[in-house]
Amino acid sequence: MQLEFLRSHAWQVSVGRYVVLLAAAFVIGLPWHLEIYSVLVALFGYSLWSLANLYRLQSWLRSRRWRPPPEDRGVWSDISSHVYTKVRTERSQKRRLIALLRAFREAAAALPDGVVVLTKGRSIVWFNEAATRLLGLNSLRDRRKHVDPFLPALAKAWITQEPAQEPLRDVPSTHSENLRLSFRLIPYSPEHMLLVVRDVTPLARLEQVRRDFVANVSHELRTPLTVLHGYLEMLEPEASPQLAPVLADLRGQSRRMTQIVEDLLTLSRLEAQQAPAQDRVPMRALLTSLRREAEGLSQGRHSIHLVRTCEADLRGSTDYLHSAFSNLVSNAVRYTPEGGRIEISWQATKDGGARFSVADTGYGIPAEHLPRITERFYRVSTSRSRETGGTGLGLSIVKHVLQLHEAHLDIESEVGVGSTFSCVFSRERLLAPQGMTEDA
Ligand code: ADP
C-alpha cells in the first residue's frame, strides 16, 4: 500500500524529500551561522545520491540478468519500474509472435502442396518441404535465387504473364519423370506472392484412364456398328412391307449410334491433341462450303445468308475448324423452325481479331442452360435434339476445337427470338489472304 503510494506520487515524494533535506540543512547550520555551507553540503550530498542512482539505473539496464527494478528511490524507482513494465510487455508480445510464426511455418511446412513465397521480381524468399520435392529446390542453396529455372517450360511462360491469376493445370514436371503438377499464383501483398504447386499425378492418371476407356469403347463399337449398318442398308423394305417402319426405325437408330461413336472418337482425338496443325484455313472456300451444307440440311425450309467483312484466313487445323463450324450451322438449321433466317458471318473484331458467327431466328435457349450448354450430352430439350438427329456432343466438340486454337465461344440467345453462336479468334490466329502482305 505504502509502496503503491510512493510509486504513484513519485514526483511529489522526490520534491518533498528535496525540500525537507534543504530545510533540515538550513536549520542545522543556523546556530553557527553556517546555513549556506550546510545547504551546499546537503546539495552536494543530494547530487552524489542522484549520481549513484543514475549509475544503478544504468547498470540495471545493462545487466544481462533481467531483475525487477530497485524499489523506493523516488522518481528513479518510477523510471526503472516503467521501463521494466514496458520491456516485459514487449518481451511477452515478441514471444507470442514468435510462437505464432513458428506455428504458421510448421503448418505451411506440413502442407502436402508445395508453397513458395516469392518477391514481385520472382526471387525465392521461403519454401516448404513439399516444394523441395516437387520443384527440386534445396533449402540451403536456393533461397534468394530466381524461381524460373526451377519451373517446367510451360509454367515459366505462364508465370511471366501479367497478371497470371488463372491457375495452370496439369503440367509435366521437368524435375521428376511421370510427375504432373498444377500451379497457382496468389499475390498477397504489394511485394510478395505465393506460388502453390500441387501434385496432380493421380488425378491426371484417372483422367487418362477415363479418356482411354471412352476412346477404346468407341473404337470397339465402331466395327460391329458398321457391319450392322451395312446389313440394314442391304435389306429392302419392299421385300416385306409390314416390316418397313421397323426397318426405317432400325436404320435411323443405327445411324444415330454411328454418329455418337464418331463424335466420341473426335472428342478423344481432340483431348489427346496438344496443339493443332498450323495450316492455312481458306475462309472464303470454307464459308461457301458451309453455306452449301446449310442449304443441303435445310432443304429450302430457311433463308440462308452469308456475310463476310473479314478478308483474313485462319491458322490452324482445317478439318477441326470445319467440323466445329459445321456443328454450329447444323444446330442453327435443326433448332430453327421452318421459315426462319440463318446468317453465317465472318467479321473482323475491334481488337484486330475476327469472329465466325452463326445467327438464327430459332427456338432460343433459356439463360439458365447457357453455362452448361457445352458439356457432353447436355441438351435443353432431349426430344427435340433426338428428333433432329443430335448426339448432344456437337457443342462440346466446338469448345474443344476452339480451345485448341486459343479461341472462345460466345453465345447470345433469347427464347423465341433466336441464338447467335460466335467463335472469337485473336489476331495471332489470323493470316493475310494469300497474295496479300500482312499490312495490305
Ligand atoms: P445436339 O446434338 O443435341 O444438338 P449440341 O451439343 O450441338 O448437341 O447442342 C446442345 C444443346 O444445345 C442442344 O441439344 C440444343 O438444346 C441446344 N442448342 C444448340 N444450338 C442451338 C441453337 N442454335 N438454337 C437453340 N438451341 C440450341
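Residues numbered from 1 in each chain as written. Predicted model: local features only at pLDDT ≥ 70, side-chain atom pairs only at ≥ 80, totals over all residues. Heavy atoms only, no water.

S.K.: Any chance you could explain the packing of aromatic side chains here in plain terms?
M.R.: Any pair of aromatic rings gets described here by the distance separating the centres and the angle formed by the planes. This structure, assessed with the given rule, holds 7 aromatic pairs. Ring geometry for tryptophan 158 and phenylalanine 183: centres 6.2 Å apart, planes at 50°, overall tilted. With tryptophan 158 in helix 6 (residues 153–160) and phenylalanine 183 in strand 4 (residues 180–187), this residue pair connects regions lying 25 residues apart in the sequence. The residues tryptophan 158 and phenylalanine 183 share a single accessibility class, namely buried. The structure contains a cluster of three or more aromatic residues connected by ring pairs, namely Phe325, Trp346, Phe356 and Phe425. Seen from the ring of phenylalanine 127, arginine 143 lies directly overhead, with NZ or CZ sitting 5.3 Å from the centre. (Phe/Tyr/Trp six-rings, centres within 6.5 Å; stacked < 30°, edge-to-face > 60°. Helix = DSSP H or I, 4+ residues; strand = E, 2+ residues; numbered from the N terminus. Buried < 20%, exposed > 50% of the residue type's maximum accessible area, 1.4 Å probe, protein only. Lys NZ or Arg CZ within 6 Å of the ring centre and 35° of its normal.)

S.K.: Please clarify how the layout of surface pockets should be interpreted in this entry.
M.R.: Gaps left between atoms show up when a probe the size of a water molecule is rolled over them. When its volume is computed, the largest pocket comes out at roughly 1,800 Å³. Every residue lining the largest pocket is counted, 41 residues in all, and those nearest its centre are Leu168, Arg169, Asp170, Arg180 and Gln274. Breaking the lining of the largest pocket down by element, the ones donating at least two residues are helix 6, strand 3 (168–172), strand 4, strand 5 (192–199), helix 7 (201–234), helix 8 (244–272) and helix 12 (394–404). By residue number, the principal contributor to the lining of the largest pocket is helix 7, which donates 9 residues. When grouped by side-chain class, the residues that make up the lining of the largest pocket number 18 nonpolar, 11 polar and 12 charged. Along the wall of the second largest pocket there are 42 residues; nearest its centre are Asn327, Asn331, Arg334, Tyr335 and Gly390. Counting only elements with at least two residues in the lining of the second largest pocket, the list comes to helix 8, helix 9 (283–298), helix 10 (318–334), helix 11 (382–387), helix 12 and strand 12 (418–425). If you tally residues by element for the lining of the second largest pocket, the top one is helix 10, at 8 residues. Looking at the lining of the second largest pocket residue by residue, the classes come out as 15 nonpolar, 20 polar and 7 charged. (1 Å grid on protein atoms, 1.4 Å probe; cavity = no way out; pocket = protein on both sides within 12 Å on 5 of 7 lines; lining within 4 Å. Points joined across faces, edges and corners; volume = space filled by probe spheres on them. Nonpolar A, V, L, I, M, F, W, Y, C, P; charged D, E, K, R; others polar.)

S.K.: Whenever I open this one, unusual backbone geometry confuses me. Can you help?
M.R.: Among all residues except glycine, the phi angle is most often negative; among peptide bonds, the trans geometry is most common. Positive phi, normally seen in glycine, also occurs at phenylalanine 377, with a value near 60°. Looking at the element boundaries, phenylalanine 377 is found in the loop between strand 10 (354–360) and helix 11. Positive phi, normally seen in glycine, also occurs at glutamate 406, with a value near 50°. By the secondary structure assignment, glutamate 406 is in the loop between helix 12 and strand 11 (408–414). Taking the relative accessible area as the measure of exposure, glutamate 406 reaches 55% and is therefore exposed.

S.K.: It is not clear to me how the pattern of salt bridges should be interpreted in this structure. Could you clarify?
M.R.: Opposite charge on two side chains permits them to pair, given that their charged atoms come into close proximity. This model, assessed by the stated rule, comprises 19 salt bridges. Among the salt bridges present, the one from aspartate 142 reaches lysine 145, with a minimum N-O distance of 3.2 Å. The exposure class assigned to aspartate 142 is buried, which follows from its relative accessible area of 0%. A salt bridge links arginine 210 to glutamate 207, with the nearest nitrogen and oxygen atoms 2.7 Å apart. (Salt bridge = Lys/Arg side-chain N within 4 Å of Asp/Glu carboxyl O.)

S.K.: How should I be thinking about the sheet that holds strand 2 (residues 124–127) in this particular structure?
M.R.: Note: strands within a sheet are paired through backbone hydrogen bonds, in either parallel or antiparallel orientation. Strand order in the open sheet made by the 5 strands is 2-1-5-4-3, with antiparallel pairing throughout. If you trace the sheet from one side to the other, it starts and ends with strand 2 and strand 3, each paired once. Sheet twist, expressed as the mean angle between neighbouring strand axes with direction ignored, is 25°. In this sheet, strand 2 lies alongside strand 1 (residues 114–119) in antiparallel orientation, the contact comprising 3 bridges. Within strand 2, the residue paired with valine 117 across the bridge is tryptophan 126. (Pairing = 2+ DSSP bridges. Axes fitted to C-alpha atoms, helices over the stretch in contact; angles between N-to-C directions.)

S.K.: Looking at this structure, I do not really get the packing of helix 2 (residues 10–29) against helix 3 (residues 35–62). What am I missing?
M.R.: Two measures define how a pair of helices packs: the angle their axes make with one another and the distance between the axes. Where helix 2 contacts helix 3, the axes come no closer than 7 Å and their chain directions differ by 145°. Relative to helix 3, helix 2 is oriented so that their crossing is right-handed. Every residue of helix 3 that contacts helix 2 at Ser14, Arg17, Tyr18, Leu21, Leu22, Ala25, Phe26 and Gly29 is listed here: Glu35, Ser38, Val39, Ala42, Leu43, Tyr46 and Trp49. Across the contact of helix 2 with helix 3, the residue classes break down as 10 nonpolar, 3 polar and 2 charged. (Left-handed = near helix turned anticlockwise from the far one by under 90°. Contact = heavy atoms within 4.5 Å.)

S.K.: Sorry if this is basic, but what is going on with the pairing of strand 12 here?
M.R.: On a regular strand, one side chain projects to one face of the sheet and the next to the other, so that they alternate. Of all 8 residues making up strand 12, 7 are buried, and the element is well covered by its neighbours. Relative to strand 12, strand 10 runs antiparallel, the two sharing 7 bridges. Paired with arginine 355 across the bridge in strand 12 is valine 424. Across 7 bridges, strand 11 lies against strand 12 in antiparallel orientation. Its bridge partner being in strand 12, isoleucine 411 is matched across the sheet by phenylalanine 421. Between strand 11 and strand 12, which pair antiparallel in sequence order, lie 3 residues; one of them, glycine 416, sits at a positive phi of approximately 80°.

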